[in-house]
Amino acid sequence: MKPATYTYCGGRPCDLAAISKRVPIPPSGDRRSWELAVPAAVLAVAGWRRRWATEDAFINFRVVAVTRHGRQPFAFNRGERVETATSPLWSAMLVGLDAALGRHIPLERLAVGAGLGLSVLGLSAATAASARLVRHLGPARPWPAGALVLAALPPFWDFATSGLETGLTFAWLGGCQWLLTRRYTDSPPAVDWLPVLLGLGPLIRPDLALFSAAFLTTQLSLSRPGLPAAARTIGVALAAPAAYQLFRMAYFAATVPNTALVKEAGHSNWRKGLAYLDNHTTTYLLAVPGALVAMWAGRWLAGSAPTGDRRLLVLLGTPVAGALLHAAFVVRVGGDFMHSRLLLPATFGLFMVAAALPSRTVSWIVPAALVAWAAACGLRLRLPDRPPARWSDIVDERAWWVRESGHPHPVTLDDHSRVASARTGRRARTLAAQGADVLVRIDDQEHALAPGSGVVLESITIGLGSVAAGPDVHVIDVLGLADAVGSRIPADPAARIGHQKRLPPALVLARLALADEDDAGLPADVDRTALEAARRLLRQPAIARLLAATQDPLTPTRALRNVHQAVGLTRLRVATDTVSRITPRSQVGSDRHESVDPAEPMASRRWARAAVLAAAGGVAVGVSVAVVRALRRR
């Protein structure tokens with residue numbers, strides 16, 4: 001019998017033969033898989049060439065300004081606590097970046113650069129995770145299959161640098177998958193801090209809680225702890241989200257962000273959601289790379305997966321399940337008006353588990369077909385200039401703001417100087433510097449307010465307008481995103497998703513002290529009867545409690561009362577029937593990207609989309625069954 005070969009590891013003898021059997025060492029050539037870096041490089045270059053900051057990103061920039069200079073942490077207006085930022089973690093990162101580098105670099109550029117860097121990091125981490133798994137299961141050269149799909153999609157280029165939290169989302173998804181893959185291939189560390197990272201999903205976006213649940217399932221499956229250890233792992237993962245939830249209830253007197261209230265995330269709108277899904281998948285022919293990558297991954301696992309290794313199935317299956325659930329949630333709430341944006345996390349989650357696949361598992365025709373699709377997608381496939389009626393509510397957000405700003409890369413406020421809301425915001429800032437007491441309305445009309453009122457800006461595109469106005473100007477959001485009352489009024493189901501609530505003008509003016517409240521002194525779109533009705537509405541006990549919870553000084557007693565009232569105030573809805581004279585949109589300026597919801601029947605298309613979804617589900621189930629059977633046979 002050949003004696004074992006020993007060396008010393010940390011002062012103790014180690015069996016090198018046993019280590020080499022347990023951890024296969026790939027040939028040196030496999031380590032130099034240069035093609036794995038191509039997708040990340042493509043995303044970095046394409047993202048930079050299409051750099052921009054969307055108008056909604058300026059809402060985050062306003063929150064940073066009020067936090068740092070208005071001394072009202074994470075609020076939109078000084079003296080009013082309303083959570084307008086969807087991502088608490090991204091907002092905190094922007095505050096830190098602005099505090100550290102804001103004197104030298106504008107916050108808009110910091111956000112764009114951070115978003116691009118995090119997007120590239122996320123794709124690189126996902127690719128590294130898949131490549132590690134490929135090498136662990138056998139001596140094979142990994143090829144960037146799923147990573148190429150993600151890097152070729154133009155929406156990933158756009159929202160990598162939009163100034164929103166999308167880049168942070170990609171970095172978190174890819175980082176979690178990489179760390180869980182390391183947990184699968186290596187022995188667990190002595191101190192396990194991974195659950196903390198896995199639980200951060202709700203702090204990036206509330207809907208990412210679905211991915212957090214999937215990742216935690218993987219973590220528990222890989223570590224196989226007993227019941228007390230599993231409870232401890234879940235507790236550690238939930239600690240940060242639970243702490244922030246308690247802060248949200250005490251500070252904002254709500255259980256969800258104001259964005260969830262204004263968009264009525266608890267309601268369903270399957271018709272618009274299916275149109276949104278159709279818009280995303282049809283534009284880029286995603287069924288083609290989806291089928292190719294699924295077939296490739298299925299053949300690889302059927303031939304290389306260890307016998308009875310359910311941990312591997314969980315490692316790859318739970319992110320896919322999380323992605324499908326996330327996509328279903330987005331479809332249920334009606335999608336969004338921004339082309340593809342809300343479906344990008346689900347798309348990333350689906351393809352990141354197969355970001356790299358072994359090159360010799362399939363014929364060369366499969367990777368060649370993926371390359372051909374990627375070239376067509378990157379060069380030709382785009383949202384049509386004249387979309388079908390069912391897509392009329394969905395726009396290419398970057399193309400819109402490039403056209404509106406007249407700048408090829410609209411990033412900073414100065415780049416948007418020709419946009420009407422930015423000009424109005426600057427006018428409000430000038431009036432505030434002069435010590436005026438005035439209301440600046442959407443149509444640029446100015447109405448005198450009582451002495452001591454300061455400057456108030458009425459706005460629809462509140463991002464650019466509020467940043468241009470500065471933190472000293474109080475901004476009233478007509479669409480309710482940054483308004484505690486406006487987010488709770490009835491929604492118009494025929495309006496664009498995310499823009500279904502609109503404050504009546506009387507309800508805007510009812511909270512202000514006008515210098516002249518005679519009929520002659522009121523704006524043309526408000527009469528005295530509507531104004532009095534709006535003020536009676538605001539004096540109702542439930543609304544008075546809402547205003548007190550969000551505007552009273554935050555004392556310990558107020559915080560405890562907010563926690564007690566948070567659930568009820570979140571459920572509160574404000575009926576505006578008594579405020580009769582609601583302004584026609586033509587009188588106060590048009591909503592951005594506004595269009596009329598098509599009334600044409602869509603029954604002929606519903607069955608087709610349902611059939612496509614059913615077929616896709618059948619393919620996914622078939623691949624899963626084949627993989628499970630292969631694992632059992634082996």
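Refer to the structure printed above.
Report follows, based on the coordinates.

Conventions and cut-offs
- Residues numbered from 1 in each chain as written.
- Predicted model: local features only at pLDDT ≥ 70, side-chain atom pairs only at ≥ 80, totals over all residues.
- Heavy atoms only, no water.
- Helix = DSSP H or I, 4+ residues; strand = E, 2+ residues; numbered from the N terminus.
- Buried < 20%, exposed > 50% of the residue type's maximum accessible area, 1.4 Å probe, protein only.
- Contact = heavy atoms within 4.5 Å.
- Areas by Shrake-Rupley, 256 points an atom, 1.4 Å probe, with all protein chains shown as cover.
- Polar contact = N/O pair within 3.5 Å; in protein donor to acceptor, adjacent residues only side chain to side chain.
- Phe/Tyr/Trp six-rings, centres within 6.5 Å; stacked < 30°, edge-to-face > 60°.
- Lys NZ or Arg CZ within 6 Å of the ring centre and 35° of its normal.
- Axes fitted to C-alpha atoms, helices over the stretch in contact; angles between N-to-C directions.
- Parallel < 35°, antiparallel > 145°, perpendicular 65-115°, else oblique.
- Nonpolar A, V, L, I, M, F, W, Y, C, P; charged D, E, K, R; others polar.
- Core = buried A, V, L, I, M, F, W, Y, C linked by side-chain atoms within 4.5 Å.
- Salt bridge = Lys/Arg side-chain N within 4 Å of Asp/Glu carboxyl O.
- Patch = residues over 30% accessible without salt bridge, like charges linked within 9 Å, V, L, I, M, F, W, Y side chains within 5 Å.
- Expected span 1.5 Å × (residues − 1).
- Pairing = 2+ DSSP bridges.

1. Remarks on the overall build of the chain
Broken down by element type, the chain carries 28 helices and eight strands. A burial count over the chain gives 53% of its 634 residues as buried. Relative to all contacts within the chain whose residues are 6 or more apart in sequence, the contacts with residues 24 or more apart total 75%. Carbon and sulfur atoms provide 61% of the accessible area of the chain, an area that totals close to 27600 Å².

2. Focus: the side chain of Ser-162
With respect to the element layout, Ser-162 can be found in the loop between helix H8 (154–160) and helix H9 (166–185). Among the polar contacts listed, one links the side chain of Ser-162 to the backbone nitrogen of Leu-164, at a separation of 3.3 Å. Beyond its immediate sequence surroundings of up to four residues, Ser-162 is in contact with Trp-52, Ala-53, Thr-54 and Ala-57.

3. What about the packing of aromatic side chains?
Scanning all chains against the criterion turns up 12 aromatic pairs. Relative to Phe-252, the ring of Tyr-251 lies with its centre 4.8 Å away and its plane at 85°, an arrangement referred to as edge-to-face. Neither Tyr-251 nor Phe-252 differs from the other in exposure class; each is buried. Among the aromatic residues, those joined into a ring-pair cluster are Tyr-244, Phe-247, Tyr-251 and Phe-252. The lysine or arginine in question, Arg-51, covers the ring of Trp-48, its NZ or CZ lying 4.1 Å from the ring centre. The side chain of Arg-81 reaches across the aromatic face of Tyr-251, ending 5.8 Å from its centre.

4. A look at the packing of H9 against helix H12 (residues 209–223)
Where H9 contacts H12, the two axes come as close as 10 Å, and the packing angle between them is 10°. Here H9 is positioned roughly parallel relative to H12, judged by the angle of their axes. In this structure, H9 uses Trp-172, Leu-173, Cys-176, Gln-177, Leu-180, Arg-183 and Tyr-184 to contact H12, whose residues at the interface are Phe-211, Ser-212, Phe-215, Thr-218, Gln-219 and Leu-222. Looking at the contact of H9 with H12 residue by residue, the classes come out as eight nonpolar, four polar and one charged.

5. So, the nonpolar core
Ranked by size, the top nonpolar core spans 111 residues in total, and within it Trp-172, Phe-215, Leu-312, Phe-348, Leu-370 and Trp-373 carry the most contacts. For this core, the element with the highest residue contribution is helix H6 (residues 107–137), accounting for 12 residues. Setting aside residues no more than four positions away along its own chain, Leu-370 makes contact with Trp-143, Ala-145, Leu-148, Val-149, Pro-289, Leu-292, Val-293 and Trp-296. Ranked by size, the runner-up nonpolar core spans 32 residues in total, among them Val-456, Ile-476, Leu-512 and Leu-538.

6. Notes on unusual backbone geometry
The residue Glu-264 is not glycine, and still its phi comes out positive at about 50°. Residue classification places Glu-264 among the buried residues on the basis of a relative accessible area of 10%. A positive phi angle, near 70°, is found at Ser-340, a position not held by glycine. With respect to the helices and strands, the residue Ser-340 is situated in the loop between helix H17 (310–333) and helix H18 (344–352).

7. As for the side chain of His-499
Secondary-structure assignment places His-499 in the loop between strand S8 (474–477) and helix H23 (505–509). Taking the relative accessible area as the measure of exposure, His-499 reaches 8% and is therefore buried. There is a polar contact of 3.4 Å between the side chain of His-499 and the backbone oxygen of Ile-497.

8. Comments concerning the pattern of salt bridges
Tallying each qualifying case throughout the model produces 20 salt bridges. A salt bridge links Arg-205 to Glu-165; the nearest nitrogen and oxygen atoms lie 2.8 Å apart. With Arg-205 in the loop between helix H11 (201–204) and H12 and Glu-165 in the loop between H8 and H9, this pair connects stretches of sequence that are 40 residues apart. Glu-446 serves as the salt-bridge partner of Arg-427, at 2.8 Å between the closest nitrogen and oxygen. Taken together, the positions of Arg-427 in helix H21 (residues 420–433) and Glu-446 in strand S6 (residues 446–448) put the pair 19 residues apart, joining distant regions of the chain. Under the relative-accessibility criterion, Arg-427 is labelled partly exposed at 37%.

9. Looking at a nonpolar patch on the surface
Taken together, the side chains of Trp-34, Val-38 and Val-42 make up a nonpolar region of the molecular surface, amounting to roughly 300 Å² of accessible area. Here Val-42 is to be found in helix H3 (residues 38–49). Its relative accessible area of 35% is what places Val-42 among the partly exposed residues.

10. Re H12
With 15 residues, H12 should cover 21 Å at 1.5 Å per step; its first-to-last C-alpha distance of 21 Å lies within 8% of that length. Positive phi appears at Arg-224, one or two residues downstream of H12, with a value of about 50°.

11. Here we look at the sheet that holds S6
Read from one edge of the open sheet, four strands run S6-S5-S7-S8, paired in mixed fashion. What marks the edges here is a single partner per strand, and that holds for S6 and S8. Taken pair by pair, the neighbouring strands of this sheet meet at an average axis angle of 20°, ignoring direction. Bridge analysis of strand S7 (residues 455–459) against S8 gives four bridges, and the strand direction is parallel. Of the residues in S8, the one forming a bridge with Leu-457 is Val-475. Running over the sheet, H21 touches strand S5 (438–440), S6 and S7 and is turned about 170° from S7.

12. Quick look at the pairing of S7
Burial within S7 is extensive, with five of its five residues counted as buried. Here S7 shows no split at all, with Val-455, Leu-457 and Ser-459 on one side and Val-456 and Glu-458 on the other all buried. Examined bridge by bridge, S5 and S7 share three bridges and lie parallel to one another. Bridge pairing links Val-438 to Val-455 in S7.

13. Examining the packing of helix H7 (residues 145–152) against H18
Where H7 contacts H18, the axes come no closer than 8 Å and their chain directions differ by 160°. What the angle tells us is that H7 and H18 run roughly antiparallel. Taken together, the residues of H18 that come into contact with H7 (itself represented by Gly-146, Val-149 and Leu-150) are Thr-347, Phe-348, Phe-351 and Met-352. Looking at side-chain class alone, the contact of H7 with H18 contains five nonpolar, two polar and no charged residues.

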